[in-house]
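# Remarks on the overall topology
What follows is the residue order along each chain.
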Amino acid sequence: MTDPAPAVTATSANWSSRDPWQRNNDGELLIGNRPLALVVESVGSTPCYLYDRERLSARARNLRSRLPAEVHLHYAMKANPMPALVCHMAGQVDGIDVASRGELRVALDSGMSPEHISFAGPGKSASELRQAVAAGILINIESFREIGILADASRQWGQAARVAVRINLPFELKASGMKMAGGARQFGIDADQVTNMLDKISQAGLGFEGFHMYAGSQNLRPAAIVESQLRCYELALEWRDQFPAPLRSLNLGGGFGIPYTVNDMPLDTDPILLNLNELAVRARKDLPGAHLVIELGRYLVGEAGLYVARVIDRKISRGQVFLVVDGGMHQHLAASGNFGQVMRKNYPVEVNRRSSETETASVVGPLCTPLDLLADRVPLNVAEVGDLVVVFQSGAYGRTASPRDFLGHADVVEALI
Ligand SMILES: *Cc1c(COP(=O)(O)O)cnc(C)c1O
């Protein structure tokens, strides 16, 4: 078998010319104004995930300041459910979206009011649904089965379940990294069943509040996101005569992507924010008293996180340099390319030392599988055993989206800096 063509799509050199991280005179990355090696020492060990508080705040603050009060910014915490980070985010956003009982626990602890926590997921257990009713959060209904359980819980606790109907949209978000709508899906209620669903909600005495629409993820095309938001808005209006109660919340989804290689253009949010401002004006007339919601995961946290591993060996095989580090795919599945990517692309990676010498090297982890590849033949500063290797854009879908038990290594440390 011949080797595939070198997959060099993001070099450390040209990424660092693009990225906003500061470095000191020794070429060392700064996080929270402190040199990376010092921060890593203070955190205790490698490998580790480091999340920059100021960067997290700045991203949310920027969006929030350009949105009218009627548009709520939610954090979809499956992107990064670290409790300290979720608490931090609770102070930056208007709501938190959870997808399981475990996430709900963290969200309730975060200080976010239950009024602004919502719960979506295609397989909510009866006990999760009862817990959600008791907690007083908004439940995005995705199945007719959920209605009976919610009605029973509402009677038992003497408070009507707060519900929104998640729609399986009749269209998809074009050019998304992950499509979550259009066609047959396990998510939400097909549009042609919504009328029936609204009747059932009404008969069961549940507290109807609105709709949840989610078309896709990791999108870097503003026009596609704008089109999807418009279509979602218009779709909701089609059922206006059938709302069991005045609409209070219309979740238009998210899908804002972040660049993972230098070939990805960062998302231009201006057209999207303009559209949301226009929709808010329309909603004041069409849906008085309602707020619109956008729910973002990766866009809010992805660029604020670093994954840091230490070089434990340096090997040369048939002329190719391998930096073997103490972390890998078991902790950062996405960087290894095994988290839903069709074509493996390198995350931006850097060796944390200034050096006048660079070389092409691959960064591999300690697992006994060739899939454990963090960077495939990228130009890096020449590294020695003990050096730190940094994987950028690692704040979302990192630790909890990885098979950490695979091969039985110790868990990865996470810290908010
Ligand atoms: C995964 C998910 C999100 C977050 O997606 P990102 O790509 O991280 O922004 C938001 N809403 C729903 C319903 C999701 O399933």
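On a predicted model such as this, the values are computed, not experimentally measured, just so you know.

We now examine the site of the ligand. Neighbouring the ligand are 13 residues, the closest being Lys78, Ser217, Glu295, Arg298 and Tyr397. With respect to the ligand, the side chain of Lys78 contributes an N or O atom lying 2.8 Å from an oxygen atom. Separating a nitrogen atom of the ligand from a side-chain N or O atom of Glu295 is a distance of 2.7 Å. Alone, the ligand offers 390 Å² of accessible surface; in the complex the protein occludes 91% of this. Counting residues per element, the ones that place at least two in the shell around the ligand are strand S12 (216–219) and strand S14 (291–296). In the shell around the ligand, the residues fall into five nonpolar, four polar and four charged.

The terminal C-alpha atoms of helix H9 (residues 222–238), which comprises 17 residues, lie 25 Å apart, in line with the 24 Å expected from a rise of 1.5 Å per residue. Of the positions making up H9, those classed as buried are Pro222, Ala224, Ile225, Val226, Ser228, Gln229, Cys232, Tyr233, Leu235, Ala236 and Leu237. At its buried positions, H9 is contacted by strand S8 (162–168), strand S11 (207–213), S12, strand S13 (249–251), helix H10 (270–286) and S14.

Quick look at the nonpolar core now. Of all hydrophobic cores here, the largest spans 110 residues; its most connected members are Tyr75, Phe211, Met213, Leu250 and Leu300. Counting contributing residues per domain, this core is built from domain 1 (30–51 + 303–416) and domain 2 (81–296), each supplying no fewer than three. Ignoring anything within four residues of it in the chain, the contact list for Leu300 reads Leu56, Arg59, Ala60, Leu63, Leu73, His74, Tyr75, Met89 and Val93. By size, the runner-up hydrophobic cluster in this structure holds 17 residues, among which are Ile31, Cys48, Leu388 and Ile417.

So, about helix H8 (residues 194–203). Regarding H8, the residues found buried are Val194, Met197, Leu198 and Ile201. Angularly, the buried residues of H8 cover 100° about the axis, an arc narrow enough to put them on a single face. Buried-residue contacts for H8 involve strand S7 (138–141), helix H7 (145–157), S8, strand S10 (189–190) and S11. Of the residues one or two after H8, Gly205 is the one with positive phi, at around 70°.

For the rest of this paragraph, the subject is the packing of H9 against H10. Running from N to C, H9 and H10 cross one another at 10°; their axes reach a closest spacing of 9 Å. Here H9 is positioned roughly parallel relative to H10, judged by the angle of their axes. Counted together, Pro222, Ile225, Val226, Gln229, Leu230, Tyr233, Glu234 and Leu237 of H9 and Pro271, Ile272, Asn275, Leu276, Leu279, Arg282, Ala283 and Asp286 of H10 form the full contact between these two elements. When its residues are assigned to classes, the contact of H9 with H10 shows eleven nonpolar, two polar and three charged.

What follows is about the side chain of Ser394. By the secondary structure assignment, Ser394 is in the loop between strand S20 (388–391) and strand S21 (413–416). Residue Ser394 is classed as buried on the basis of its relative accessible area of 0%. Polar contacts involving the side chain of Ser394 include one to the main-chain carbonyl oxygen of Phe392, which spans 3.0 Å. Apart from residues no more than four positions distant in its own chain, Ser394 is found in contact with Tyr49, Tyr51, Gly302, Gly305, Leu306, Tyr307, His332 and Tyr347.

Thresholds applied
- Residues numbered from 1 in each chain as written.
- Predicted model: local features only at pLDDT ≥ 70, side-chain atom pairs only at ≥ 80, totals over all residues.
- Heavy atoms only, no water.
- Near = heavy atom within 4 Å.
- Polar contact = N/O pair within 3.5 Å; in protein donor to acceptor, adjacent residues only side chain to side chain.
- Areas by Shrake-Rupley, 256 points an atom, 1.4 Å probe, with all protein chains shown as cover.
- Helix = DSSP H or I, 4+ residues; strand = E, 2+ residues; numbered from the N terminus.
- Nonpolar A, V, L, I, M, F, W, Y, C, P; charged D, E, K, R; others polar.
- Expected span 1.5 Å × (residues − 1).
- Buried < 20%, exposed > 50% of the residue type's maximum accessible area, 1.4 Å probe, protein only.
- Contact = heavy atoms within 4.5 Å.
- Core = buried A, V, L, I, M, F, W, Y, C linked by side-chain atoms within 4.5 Å.
- Domains from an automatic or database assignment.
- Arc of directions from axis to C-beta.
- Axes fitted to C-alpha atoms, helices over the stretch in contact; angles between N-to-C directions.
- Parallel < 35°, antiparallel > 145°, perpendicular 65-115°, else oblique.

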